[in-house]
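# Structure at a glance
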Amino acid sequence: QARLVESGGGLVQAGGSLRLSCADISPGAMAWFRQTPGKEREFVATITRSGSSTYYGDPVRGRFTISRDNAKNTMYLQMNSLQPEDTAVYYCAGSHLVVAGVGPGEYDSWGQGTQVTVSS
């Protein structure tokens, strides 16, 4: 169910950057996932309720930064040094737990997704 709203996707050349936003976030742990055609949804990053702790999937660690602004009820994903392998539909996900992990089943609120395409 699409309770969250992602934005900021687009077309970018390899090495470029994009910043994704997720509005109306849940008052709990949040995460970003991504999915390409014919493949399973892949964990990208998660952030705790307060924003005090983050965790990243191996393919994006060191290049992406997850953050949140609870006063604005918004979560962000800063994506730097983008590569063609990052091409996917990106989804934000919310939990009502203080801390959540890497499994999609741990989240109960989802956005509709925003397309990110990285060309070589």
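That block above? That's the structure.
Residues numbered from 1 in each chain as written. Predicted model: local features only at pLDDT ≥ 70, side-chain atom pairs only at ≥ 80, totals over all residues. Heavy atoms only, no water.

## Things to note about the packing of aromatic side chains
For any pair of aromatic rings, the description rests on two quantities: the centre-to-centre distance and the angle between the ring planes. Definition in use: Aromatic pairing here means that ring centres of Phe, Tyr or Trp (its six-membered ring) are within 6.5 Å. Orientation follows from the plane angle: under 30 degrees is stacked, over 60 is edge-to-face, and everything else is tilted. Here a helix means four or more residues in a row that DSSP labels H or I, a strand means two or more in a row labelled E, and each is numbered from the N terminus. Burial classes: relative accessible area under 20% of the type maximum marks a residue as buried, over 50% as exposed, and values in between as partly exposed (1.4 Å probe, protein chains only). A ring is scored as having a charge over it whenever the NZ atom of a lysine or the CZ atom of an arginine sits within 6 Å of its centre and within 35 degrees of its normal.
Evaluated as defined, the whole model comprises four aromatic pairs. The interplanar angle of 50° and the centroid separation of 5.3 Å between the aromatic rings of F33 and W110 together place this pair among those described as tilted. With F33 in strand β4 (residues 30-35) and W110 in strand β10 (residues 109-111), this residue pair connects regions lying 77 residues apart in the sequence. Of the two residues, F33 and W110, both sit in the buried class. Three or more aromatic residues link up through ring pairs in this structure, and these residues are F33, F43, Y55, Y107 and W110. If you follow R19 out to its NZ or CZ, it ends over the ring of Y76, 4.0 Å from the centre. One Lys or Arg, R61, reaches over the ring of Y55 and ends 5.5 Å from the middle of that ring.

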